[in-house]
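Survey of secondary and tertiary structure
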Amino acid sequence: MWYNTKATELLGIDYPIMQGPFGGNLSTVELTAAVSNAGGLGGYGAYTMSPQEIYDVDKQLKAATNKPYNINLWVSDHDIPESGLSDEQYSKTKTLYKPYFDEVGIPLPEKPTPFQSRFENQLQVILDIKPKVFSFMFGVLSADVLEQCKRSGIVTVGAATTLDEAVFLENSGVDMIIASGFEAGGHRPSFLASAESSLTGTFVLLQLIREKVKIPVIAAGGIANGKGIAAALALGADAAQIGTAFLATDESNALPIHREMLFSNAAKYTTLTRAYTGRLGRGLTSRIAKEISGKETDILPFPLQTTLISPLRKAALDQQKWDMILFWGGQIAPILKHTKATELMHSLIEETTTYFDDLKA
């Protein structure tokens, strides 16, 4: 059967369908558990959370499902130079963004305070709580950490946006690789070359990786229905990861207006931009993303840009200036149909089954 793959065997799940783990407070226990309980692998994005918050969420997940689930972290959680943020850089960014702050009638914030990386402390929590699956982005784990995960029975999953990154991940000793195509919503998790030079489509990337890598590969980006899953499996994927379609369900922590936008005409237009966080990510096209295009050198490094934008985003939401906000979403958004996570899972399973049954007939 189509659902008997290396991934389902390794992950201990019924169907090779993974829910993309959303960072930035967009994940919920409810969504993660709904996907896992329906036979897939729910995912929880924890990169912005404190160690204690991760402990608490894991406790809630264990209460909500007895099935495997995935917790996701970012290996590299900032791009700030060792010298810190200069006054000159901050002054340039302020000048660039001042018209938008003026438009919503709020002052520009003070220069962001230095950022302390959380990753080491978050990693210790993962090793303590031992989720069935630990996925990570923006880099590789040390051999020592991977060995500890192996000993604890934690399946490790790294993300690649290029063939080079996939080979690098396999050589590091991970169990599985996500082939993240540029169609995907959210941040591009590139780590060997710039995100702008690592823009291969999902199905090309999947085939390139499949040729060179022996461990299971998960296709991510531009997949939102059974046909997409079937296509990924036909090209050699061991599972498909679906983000935007799950982000649009009521169980996600996306704002109601965000979910509404994913089902609207606006979903036809997406863009890759650094304008909101300092890292390249795909969302529904906004006025600010268009106007800042080509001025990336005047944007603060991640995550200080997020800190700067946060009050602007809040004010724009309060004033319903939707064209100023970046709502995360992938290129596949215009075909979304489901607003309930369990219904979406059932539909994905049914459509994929039908597709393969029709092939046999």
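Structure first, text after, so check above.
Calculation criteria
- Residues numbered from 1 in each chain as written.
- Predicted model: local features only at pLDDT ≥ 70, side-chain atom pairs only at ≥ 80, totals over all residues.
- Heavy atoms only, no water.
- Pairing = 2+ DSSP bridges.
- Helix = DSSP H or I, 4+ residues; strand = E, 2+ residues; numbered from the N terminus.
- Core = buried A, V, L, I, M, F, W, Y, C linked by side-chain atoms within 4.5 Å.
- Buried < 20%, exposed > 50% of the residue type's maximum accessible area, 1.4 Å probe, protein only.
- Contact = heavy atoms within 4.5 Å.
- Axes fitted to C-alpha atoms, helices over the stretch in contact; angles between N-to-C directions.
- Parallel < 35°, antiparallel > 145°, perpendicular 65-115°, else oblique.
- Nonpolar A, V, L, I, M, F, W, Y, C, P; charged D, E, K, R; others polar.
- Phe/Tyr/Trp six-rings, centres within 6.5 Å; stacked < 30°, edge-to-face > 60°.
- Salt bridge = Lys/Arg side-chain N within 4 Å of Asp/Glu carboxyl O.
- Arc of directions from axis to C-beta.

**Things to note about the sheet that holds strand β11 (residues 281-284)**
Ordered in space as β7-β11-β10, the three strands form an open sheet in which the pairing is antiparallel. Every interior strand has two partners, whereas the edge strands, β7 (186-187) and β10 (270-273), have only one. Bridging between β10 and β11 involves four bridges; their strand directions are antiparallel. Opposite T273, over in β11, you have G281 as the bridge partner.

**A few points about the nonpolar core**
By size, the foremost hydrophobic cluster in this structure holds 99 residues, and its most contacted members are Y97, F134, I229, F246 and I288. For this core, the element with the most residues is helix α13 (residues 304-318), which contributes seven residues. Apart from residues lying up to four places away in sequence, F246 is in contact with Q19, F22, L31, V35, S252, A341, L344, M345 and L348. Listed in part, the 19 residues of the second largest apolar core include L41, Y47, M176 and A220.

**Quick word on the sheet that holds strand β4 (residues 133-137)**
The strand order across the open sheet built from eight strands is β1-β9-β8-β6-β5-β4-β3-β2, with neighbouring strands paired in parallel fashion. Edge positions in the sheet fall to β1 (17-19) and β2 (42-45), since each has one partner strand and no second. Pairs of neighbouring strands in the sheet enclose a mean axial angle of 25°, with direction left out of account. Where strand β8 (residues 217-220) and strand β9 (residues 239-242) come together, three bridges link them in parallel fashion. Bridging from a neighbouring strand, A220 pairs with Q241 of β9.

**Some points on the packing of helix α4 (residues 87-104) against α13**
One way to put it is that α4 packs onto α13 with a least axis distance of 10 Å and a crossing angle of 10°. As judged from the angle between their axes, α4 and α13 are roughly parallel. Taking contact as the criterion, the partners of Y90, T93, Y97, Y100, F101 and V104 in α4 are, on α13, Q305, L308, I309, P311, L312, A315 and A316. Taken together, the residues that form the contact of α4 with α13 break down as eleven nonpolar, two polar and no charged.

**A look at the packing of aromatic side chains**
Overall, the coordinates contain twelve aromatic pairs when judged by the stated rule. An aromatic cluster of three or more residues is present, and its members are W2, Y3, Y15, Y355 and F356.

**Remarks on the pattern of salt bridges**
Taken as a whole and judged by the stated rule, the model has 14 salt bridges. Between K321 and E103 there is a salt bridge, with the nearest N and O atoms lying 3.7 Å from each other. With K321 in the loop between α13 and α14 (341-360) and E103 in helix α4, the pair connects residues that are 218 residues apart, well separated along the chain. Since its relative accessible area comes to 24%, K321 is described here as partly exposed. Take E103: its relative accessible area is 34%, and that puts it in the partly exposed class. The closest approach of N and O atoms between R274 and E196, which form a salt bridge, is 2.7 Å. Of this pair, R274 sits in the loop between β10 and β11 while E196 is found in the loop between β7 and α8 (202-212), placing the two residues 78 residues apart along the sequence. E196 gets classed as partly exposed once you look at its relative accessible area, which sits at 39%. Members of the salt-bridge network, linked through shared partners, are E103, R287, K321 and D323.

**Looking at the environment of G153**
Checked against the element boundaries, G153 lands in the loop between α6 (143-152) and β5 (155-160). Exposure remark for G153: the relative accessible area of 42% places this residue in the partly exposed category. The sequence separation of G153 and P131 amounts to 22 residues, and the corresponding C-alpha distance is 8.6 Å.

**Comments concerning α8**
Every α-helix carries 3.6 residues per turn, so stepping three or four residues along brings you back to the same face. All of the buried residues along α8 are T202, L205, L206 and I209. Summarising the axial view, the buried residues of α8 lie within an arc of 100°, below the 170-degree limit, and thus occupy one face. As for α8, its buried residues are in contact with β5, α7 (163-172), β6 (176-180), β8 and α9 (226-234).

**Here's the deal with helix α2 (residues 29-37)**
Taken across its nine residues, α2 has seven buried, putting it largely inside the fold. All of the buried residues in α2 are V29, L31, T32, A33, A34, V35 and S36. On its buried face, α2 sits against β1, β2, α3 (51-64), β3 (69-74), α10 (244-247) and α14. Of the residues flanking the end of α2, it is G39, one or two places downstream, whose phi is positive at about 105°.

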